[in-house]
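# Geometric and topological summary
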Amino acid sequence: MKDNQKFNTYQTPSWCPGCGNFGIWYALKSAYTELGFDNNDVCMVFGIGCSGNLSNFIKVYGFHSIHGRTLPVASGIKLANHKLNVVATSGDGDGLGIGLGHFIHTCRRNIDITYIIHDNRVYGLTTGQTSPTSPQGFQSKSTPFGVIEQPINPLALAIIQGATFVARGYSGEIDHLTSLIIQAIKHKGFAVIDVLQPCVTFNPNFSYPFYNPRVFKLEDAGHNPEDFNNALKYALDVNNDKIPIGIFYKISKPTYEESSEELRDKPLSEYDISDISISELIEEIRES
Amino acid sequence: MKDNQKFNTYQTPSWCPGCGNFGIWYALKSAYTELGFDNNDVCMVFGIGCSGNLSNFIKVYGFHSIHGRTLPVASGIKLANHKLNVVATSGDGDGLGIGLGHFIHTCRRNIDITYIIHDNRVYGLTTGQTSPTSPQGFQSKSTPFGVIEQPINPLALAIIQGATFVARGYSGEIDHLTSLIIQAIKHKGFAVIDVLQPCVTFNPNFSYPFYNPRVFKLEDAGHNPEDFNNALKYALDVNNDKIPIGIFYKISKPTYEESSEELRDKPLSEYDISDISISELIEEIRES
Amino acid sequence: MRVNDLNWKIGGEAGEGIMVTGLMFSKVCARLGLEVYNYPEYPSRIRGGHNCYQVRVRDNKPVFAEKGLDILVALNKETIDLHSNYVKEDGVIIADSHLKDYGLSERIFYLPMDDLALSAGGKITKNNVALGASFAFLSVPVENVLDTVRRAFRDKGEKVIGMNEKAVSLGYDYVKENFKGDFKISLKPIDDKKNMVLTGNEAISLGAIKAGLKLYAAYPMTPASSILHFLAPLSHRFKILVKHAEDEISAILTAIGANFAGVRAMVGTSGGGFSLMSEALGMSAITETPLVIVECMRPGPSTGMPTWTDQGDLRFIIHASQGEFLRVVLTPGDVKEAYQLIQLAFNLAEKYQIPVFLLSDKLLSESSESVDDLSGSDLKIERGKILREAQEGYKRYDLSIEDGISFRAIPPAKNGLQLANSDEHDEYGLVSEEAHIREKMLEKRFKRRGLIVKEIPKPNLYGDSDADISLIGFGSVKLSVLRAMEILKEEGVKTNFLHSLCPHPFVSDHYLDFIKKAKRVVVIENNYTGQFAGIIQENLCIKIDNLILKDDGRPFFPDEIVEKIKKYLRS
Amino acid sequence: MRVNDLNWKIGGEAGEGIMVTGLMFSKVCARLGLEVYNYPEYPSRIRGGHNCYQVRVRDNKPVFAEKGLDILVALNKETIDLHSNYVKEDGVIIADSHLKDYGLSERIFYLPMDDLALSAGGKITKNNVALGASFAFLSVPVENVLDTVRRAFRDKGEKVIGMNEKAVSLGYDYVKENFKGDFKISLKPIDDKKNMVLTGNEAISLGAIKAGLKLYAAYPMTPASSILHFLAPLSHRFKILVKHAEDEISAILTAIGANFAGVRAMVGTSGGGFSLMSEALGMSAITETPLVIVECMRPGPSTGMPTWTDQGDLRFIIHASQGEFLRVVLTPGDVKEAYQLIQLAFNLAEKYQIPVFLLSDKLLSESSESVDDLSGSDLKIERGKILREAQEGYKRYDLSIEDGISFRAIPPAKNGLQLANSDEHDEYGLVSEEAHIREKMLEKRFKRRGLIVKEIPKPNLYGDSDADISLIGFGSVKLSVLRAMEILKEEGVKTNFLHSLCPHPFVSDHYLDFIKKAKRVVVIENNYTGQFAGIIQENLCIKIDNLILKDDGRPFFPDEIVEKIKKYLRS
Ligand SMILES: Cc1ncc(C[n+]2csc(CCOP(=O)(O)OP(=O)(O)O)c2C)c(N)n1
Ligand SMILES: Cc1ncc(C[n+]2csc(CCOP(=O)(O)OP(=O)(O)O)c2C)c(N)n1
Ligand code: SF4
Ligand code: SF4
Ligand SMILES: [Mg+2]
Ligand SMILES: [Mg+2]
């Protein structure tokens, strides 16, 4: 873990002791280290929430966007310079509540971005309201009588709407998570990792004692990530006491960038724009 | 169809001749008639688009909302007075593009609203851009080189995220559509009908000649709408030349209103608010 | 010996329960019949940052947080670093004993908080040790403190109550035994008075319940979230549907739908959330559907400083959404005004079928004040032209009605059919693009301005008629200004203050006289550009030469205002 | 005989190809070297409503749609009902023969459009019959018309071209043979001139391409959609990623991300879409990421009147988003200005690292004008402080830089690490809530105002120095006002006009002198409340007593302005 230091900023993480965000932080730094990244080799985009506070603790190119909007910003960065490694992260409220539309539309695009959901099943930074992944009946500041809604199923949504790498990680299993992040970054296409991230302060029931005995690794269960039906089955099987982590689904499909002729030659950001000629176009218009 | 007249306004529909919206318009009026509705027995909410122009042609309580936002308005109306029959309609861009987040979050709530998607797989009113249900490769004003994205699958999304009545209709089969609408209105819970609606002007490839030979009725195929897996299988099977219409999925679950204790006694709109006392609450605060 | 004149502050790390302790401190004082003002500061994270909570106690209003401290309770070193400068000559710092190592100033009284807490039953009671200790300095009987602690932990079971009581007593006794100096401030009860303590957001919530709120839709956002937290547990009791929506767009549209269906519905948010609501705002206007929006400002742009205060959204609120339409912006200056103006907001929204804003900010929304009684501020419910039954021939947007306000029939009223249409429309609500209809509908919607301006609250005038300096401000600057004026008066400086409760629509008559008579006008605002001054200039065409502005996330402290005013007088 | 002075209009049902025919008419004229202005009107639906297209032709600019018509081509009865009143004494109505049954006025020339079209090869060529007929009245050689028709159908194959040519000829010949009167207007070519015809949106798109646009993100919305339609097919050719995003929120954030990554990116929308963008606007400001926003106004509030024109969003644009920050609003008055100002927008956005608006409206965006040459309007690309490589010790938000504008290092520049943070932040971009940092960052962001105001375009002054009436306006009112001034001058009324190209930031010096010298100031705006007048009042504290306002979705016609001005002179 020594080398990881270079990815630290001068600020110390302000998360609560025991917060699952620490695990994600470690795993990200380890993944970057193992990938041999320099600080400028990756550009991260963050949302607003406890998850987004990560932006201050990890030394890479960063964009701390507004609440719910990491993916559009990340897409803009990727499209402007598709040579960049772009890693986006969101909270569950951020990415699956207010930002749900962007999530699904980004899946449809299969743009080459790694997307990490800090899924603590609660709104942390705003001090404990329900989130779209909170279980039914969850009592919170905004739902003192319990949540009525069925939770969002991010993995199932991603699988059916076109993401080409869909995984679940757990911040209590840092090495496993690190490996998922590495694979996701290496994957060409939209790679989603929903990370079970304990919020010890506002959602203590879904903390380490809950997850530790329940998680198991899909790779150990012999799951073939190219099997769409089985991937979806695992994703939909939410009432089981066993919680799979690992890669649910992974296939190879052309990315948005690959399908965009205008990006073929080189990234847009590498074009010299100092002297663009439109006179031919003007003449065509004049003659039309 | 004579009785349906009472649901006409003084305005004549301005849709293009042959537009699939006519079929939806007829079916809605027939459904209301068959249900024995008076004009004030239903409250409809519309989005912005060719679909939304329906608001001017159907004489019921109406709310012509902004683009993409029919469901929140419909939910507000239903929660304020859950005795009202609330029917919401959207275009595919409206409801599945800009409004996608609301759609899925409304599914999660299972609120007792009937939701009709006028799915012409194109942006009609803005004169022919791609929509989230346009097929890959679709050439439109905004995608002259073809759509890259995988289309949105509204039925699969609805099924996995909690809608309790999920159907597909076709505006070329008005009687069948009428029957679906009737069943959807009778259903207690969130009822989604995705209607294949030809846009003869901007999407002529997906018009009657395309659909007529392809559609078949699920009820004829012996599908049991309570079978989640089979429903999902039908919904996901998009590359097939046979297009199922009918009820994909239908189950019984408590609605949002039923689960809301504050709505138990009577609709909120029926409370007299002229003299609400908070003095006891104040005293509790003083003593706290 | 000073009686009932205290400025107390507690500081520590986020997550250490600073807020709860501060609030308990103030409640003890309020129950003595004293006036308190509580000002909390905390960072936008759950742990690790610095929190502090200041309680100003006086005999009478105005009361507002001031800089000079009489007692500073320091749970950590940062508190001393940040705030000890402000401790007055005769003040005291109550610090945890482990801070001794730092060799700090002499005015420190070391309290073995951790040790005492442990003997009370757990480290977690540490704050209550400090609480007890504080009141020992102030000669308040320990029973008063215990009473409040008991109430605070009421629902936590006997064991927890016992622990915390013990902690209070231990802290109290420790001071009584070990403090050798004599402390110059004491708190004495005021006969027959027993105040409660309310934040602005609590007052807004209470006012809304009183006004018949039936649906509250919101997406959490500091500093508006506490309205959601306050209302949600009361939803069953008062039959209010409280909806944590998927985003602010959904929240406002749900509220509009509910208003359309005949209930009073409200949304609450801060600037970022309101940005997302701005499209729907115009829909409320063109469909003439009433709507109440609470906007609690914090410093922008963008995410900005989520837990700090600011008055930078005024112009945005006034001009938000495409096109042009009427709206009202109410800006309470204190808790009682908040309670009353939210009720007025509902009345105006329904009578004039327009969106009405209650514009607050972190300072007003999250600070708390002692309040004796609210009932005097209640308004009669006025629902305007609302119909549960309609006549044949009913037209929702009837153009023949003189004042422009046509009747709202509520579904499913027979004959009340209508289309609430975001498109420009005819008298039934059906779309129309004809020039003359457009003109008439626009006029219809603006016509009611004449009636509205008669009903919006006049600014309140405070202070001397022959003032050397005449201040103008809106909203939450009020209490600080009033306190500053008092200090200035003691120093022989005469000031007056016109406090606007409704900066928009701007009624020139409400300000003109004051400004014309003033020797020197100073506009005071908690923002960078002086937005309200701009509004005054726009409407009155009188140049405002003097501005007192602040935009670092902190409110004006009376001392700062005093200083600035004196500088003006010297210049 | 009047030469080169014509006002032609065609009307029919939506979906009948009115727009295409109108455009072809104007292209024939433009190719003669004449100046044209095309004003289309259509409802917000695909079929069934009334469409019309007006072409004003003159020798010289200014040229703008006027009310009195010389030729009205009526494809349906509604056209006659709506517009025949405006046909001049010596004008003519070319109507389809089937309208004979209605027994209309004498000035009608019945053209058997359907019959001739059928003999040309199909009913669909009907409009070209009318086109040919129109030019027969105007003594334009048929070859000129055929040339334009050929170009228009170039990609449709020989058969279609042949049909349409035939239709033109049949219409042309029919008039030559059957029109017995003598028509008093003719169009004569101007030597060596050949104009093209461009809409405002085309000019904006062309200017953006010229300025190095690399990413355009948008969600379709009238009247901005045609920018998307224009750019999308050019995306491969000019290496521009054109993204039809899932909504406007995504569009603006994608553009901000792209700007951050070092390309020039732009969004285009109308007021409703901009409402949704308002939250992200502030993020562009606080992160100091350049951004160009094209906002094409239409009448609000809300969905309003989607296909009509309005200037009601000015204040909204200026104040949108929570908190306070700099932005620039550019308001071109015609096609050439649009082409130039969009280029300026990119330069300003990058040099000052701020959001810059190009504010248009349906009138400017969708009307078209003859343009000779654009190249004279090109601006040099200025990208400001942009770094592809950075030194060690680089700080993105370096506070030590005098003018407040620190260097933008573009990823993946080594040493250029930074956090673009929507939270208030320190010099590296990391979050900070400290008062003094907040103050300095706010100041940093506002400091550049001084430089910006030196660079924003001065308003243009038109007309007489000793005017009786001095007009002020912004944006698209320009051409109508200029034409009105010409008419007034002919009638001996002296006027002048200060046309603002940048109403915000408002530079007092640009207006003060003009207003002070004016005998009588009149502000003219296409909105209800006179927003620009309010801005003038706010900044100059000079009361604007006279306003010419219009807000029915239609632009000002010169004749209306003339009338209003004359009324002022009489009063
Ligand atoms: C538009 C908008 N609405 C609301 C907020 C307030 N807000 C900040 S963080 C947050 C939710 C945090 O929950 P989540 O996304 O799950 O992240 P966590 O804190 O749990 O990591 C909210 C609602 C905001 N910043 N912007
Ligand atoms: C916020 C916003 N953005 C854009 C528009 C413009 N707009 C009107 S209708 C429409 C799309 C219509 O497509 P769809 O929803 O599929 O409906 P259809 O016309 O096909 O029935 C758009 C983008 C708008 N009214 N509001
Ligand atoms: S509140 Fe929850 S998510 Fe936020 S830092 Fe604390 S433990 Fe982590
Ligand atoms: S454009 Fe398409 S959807 Fe719209 S009215 Fe015409 S056929 Fe129907
Ligand atoms: Mg969360
Ligand atoms: Mg559509």
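Quick note: structure is the one above.
A brief look at the structure comes next. (Residues numbered from 1 in each chain as written. Chains lettered and ligands numbered in written order. Predicted model: local features only at pLDDT ≥ 70, side-chain atom pairs only at ≥ 80, totals over all residues. Heavy atoms only, no water.)

A few words now on the overall build of chain A. Helix and strand counts for chain A stand at 9 helices and 8 strands. Considering only C-alpha atoms, chain A reaches an extent of 70 × 45 × 40 Å along its principal axes. Considering chain A as a whole, with its 288 residues, one finds that 68% of them fall into the buried category. When contacts within chain A are restricted to residue pairs at least 6 apart in sequence, those whose partners lie at least 24 apart make up 71%. Just so you have it, chain A exposes about 9300 Å², and 48% of that area is on carbon and sulfur atoms. In chain A, 23 side chains carry a positive charge and 30 a negative one; their mean positions are 7 Å apart. (Helix = DSSP H or I, 4+ residues; strand = E, 2+ residues; numbered from the N terminus. Buried < 20%, exposed > 50% of the residue type's maximum accessible area, 1.4 Å probe, protein only. Contact = heavy atoms within 4.5 Å. Areas by Shrake-Rupley, 256 points an atom, 1.4 Å probe, with all protein chains shown as cover. Lys, Arg positive; Asp, Glu negative; His and termini not counted. Charge placed at Lys NZ, Arg CZ, Asp CG, Glu CD.)

Neighbouring ligand 2 are 21 residues, the closest being Cys50, Asp92, Asp94 and Asn120 of chain B together with Glu248 of chain D. Nearby residues around ligand 2 are contributed by chains B, C and D. In the model, an oxygen atom of ligand 2 is placed 2.8 Å from a nitrogen or oxygen of the Asn120 of chain B side chain. At 2.9 Å from an oxygen atom of ligand 2 is found a main-chain nitrogen or oxygen belonging to Gly124 of chain B. Protein burial of ligand 2: of its 580 Å² of free accessible surface, 98% is covered by the chains. Examining the composition of the shell around ligand 2, we find that 3 residues originate from one element, helix H3 (residues 92–98) of chain B, more than from any other. Of the residues contributing to the shell around ligand 2, the split by class is 9 nonpolar, 8 polar and 4 charged. (Near = heavy atom within 4 Å. Polar contact = N/O pair within 3.5 Å; in protein donor to acceptor, adjacent residues only side chain to side chain. Nonpolar A, V, L, I, M, F, W, Y, C, P; charged D, E, K, R; others polar.)

This part takes up the relation of the copies chain C and chain D. Least-squares fitting of chain C to chain D yields an RMSD of 0.1 Å, with the transformation described by 0.0 Å of translation along the axis and a rotation of 180 degrees. Between the two chains, the operation in question is that of a two-fold axis. Both copies present the same face, since 100% of the interface residues in chain C are matched by interface residues at the equivalent positions in chain D. (Least-squares fit on C-alpha atoms with pLDDT ≥ 70 in both.)

A separate point is the coordination of the magnesium ion (ligand 6). Residues and elements named next belong to chain B. Surrounding the magnesium ion (ligand 6) are the protein donor atoms Asp92 (OD), Asn120 (OD1) and Val122 (O), at 2.0 to 2.2 Å. In primary-sequence terms, the residues that donate to the magnesium ion (ligand 6) follow D-x27-N-x1-V. Separated by 28 residues along the polypeptide, Asp92 in helix H3 and Asn120 in the loop between strand S4 (114–119) and helix H5 (154–161) bring together distant segments of the chain. In terms of burial, Asp92 and Asn120 fall into one category: buried. (Donors = N, O, S within 2.8 Å, 3.2 Å for Na, K, Ca; no water.)

A separate point is the interface of chain B and chain C. Each partner contributes residues to the interface: chain B has 54 residues there, and chain C has 72 residues. Buried area between chain B and chain C, both sides added, is near 5300 Å², and the carbon and sulfur share of it is 62%. Its largest share of buried area at the contact with chain C, chain B owes to Tyr61, Ile273 and Arg286 of chain B, together 15% of the area lost on that side. Linking chain B with chain C are 6 salt bridges. With a shortest N-O distance of 2.8 Å, Glu246 of chain C and Arg109 of chain B are connected by a salt bridge. Linking chain B with chain C are 28 residue pairs in polar contact (both at pLDDT 80 or more), by the criterion used here. Looking at the side of chain B that touches chain C, the elements with two or more residues in it are strand S1 (42–46), strand S2 (61–64), helix H2 (70–80), helix H4 (100–109) and helix H9 (279–287) of chain B. Ranked by residue count, the leading element in the side of chain B that touches chain C is H9 of chain B, at 7 residues. Looking at the side of chain B that touches chain C residue by residue, the classes come out as 24 nonpolar, 18 polar and 12 charged. (Buried area = accessible area lost by both parts, 1.4 Å probe. Salt bridge = Lys/Arg side-chain N within 4 Å of Asp/Glu carboxyl O.)

We now examine the packing of aromatic side chains. Considering all chains together, one arrives at 71 aromatic pairs over all chains under this definition. Ring centres of Phe109 of chain C and Tyr174 of chain C lie 6.0 Å apart, and the angle between their planes is 65 degrees; this geometry places the pair in the edge-to-face category. In this pair, Phe109 of chain C sits in strand S7 (residues 108–111) while Tyr174 of chain C sits in helix H6 (residues 158–178), placing the two residues 65 residues apart along the sequence. Their ring planes at 20 degrees and their centres at 4.4 Å tell us that Tyr528 of chain C and Phe446 of chain D sit as a pair that is stacked. (Phe/Tyr/Trp six-rings, centres within 6.5 Å; stacked < 30°, edge-to-face > 60°.)

This part covers the coordination of the magnesium ion (ligand 5). Residues and elements named next belong to chain A. Around the magnesium ion (ligand 5), the protein supplies Asp92 (OD), Asn120 (OD1) and Val122 (O) as donor atoms, at distances of 2.0 to 2.2 Å. One chain supplies every donor to the magnesium ion (ligand 5), and in sequence these donors are spaced D-x27-N-x1-V. Relative accessible area serves as the criterion here: at 2%, Val122 is assigned to the buried category.

With that settled, the discussion passes to the site of ligand 3. In the vicinity of ligand 3, the contacting residues are Trp15, Cys16, Cys19, Asn21, Cys50, Asn120, Gln197, Cys199, Val200, Thr201 and Phe202 of chain A together with Ile46 of chain C. Of the chains in the model, those with residues near ligand 3 are chains A and C. For the shell around ligand 3, a count of residues per class yields 8 nonpolar, 4 polar and no charged.

Before going further, it helps to spend a moment on the pattern of salt bridges. Residue and element names in this part refer to chain D. All told, the structure shown has 113 salt bridges over all chains when counted by the stated rule. Between Asp468 and Lys519 there is a salt bridge, with its nearest N and O atoms 3.2 Å apart. Pair noted here: Asp468 is in the loop between strand S20 (460–463) and strand S21 (469–474) and Lys519 is in the loop between helix H18 (509–517) and strand S23 (521–525), with a separation of 51 residues, a long-range link. One network of salt bridges, with partners in common, ties together Arg2, Asp5, Arg56, Arg58, Glu66, Asp70, Lys88, Asp90, Lys184, Arg483 and Glu486.

Reading across from one edge, S7(B)-S8(B)-S5(B)-S6(B)-S4(B)-S3(B)-S1(B)-S2(B)-S19(C) is the order of the 9 strands in this open sheet, with mixed pairing throughout. Edge positions in the sheet fall to strand S7 (215–217) of chain B together with strand S19 (419–421) of chain C, since each has one partner strand and no second. On average, each strand axis in the sheet is tilted by 20 degrees relative to the strand beside it, whichever way the strands run. Of the strand pairs in this sheet, S4 of chain B and strand S6 (residues 191–196) of chain B are connected by 6 bridges, and their pairing is parallel. For Ile116 of chain B, the partnering residue across the bridge sits in S6 of chain B and is Ile193 of chain B. Sitting on the sheet, helix H1 (residues 21–34) of chain B is in contact with S1, strand S3 (85–91), S4 and S6 of chain B, with an inclination near 160 degrees to S4 of chain B. (Pairing = 2+ DSSP bridges. Axes fitted to C-alpha atoms, helices over the stretch in contact; angles between N-to-C directions.)

Before going further, it helps to spend a moment on helix H5 (residues 154–161) of chain A. Counting along an α-helix, one turn takes 3.6 residues, and residues three or four places apart therefore face a common direction. All names here are of chain A. Of all 8 residues making up H5, 8 are buried, and the element is well covered by its neighbours. Taken residue by residue, H5 has Pro154, Leu155, Ala156, Leu157, Ala158, Ile159, Ile160 and Gln161 as its buried positions. Taken from the residues just after H5, Gly162 is the one with a positive phi, measuring 115 degrees.

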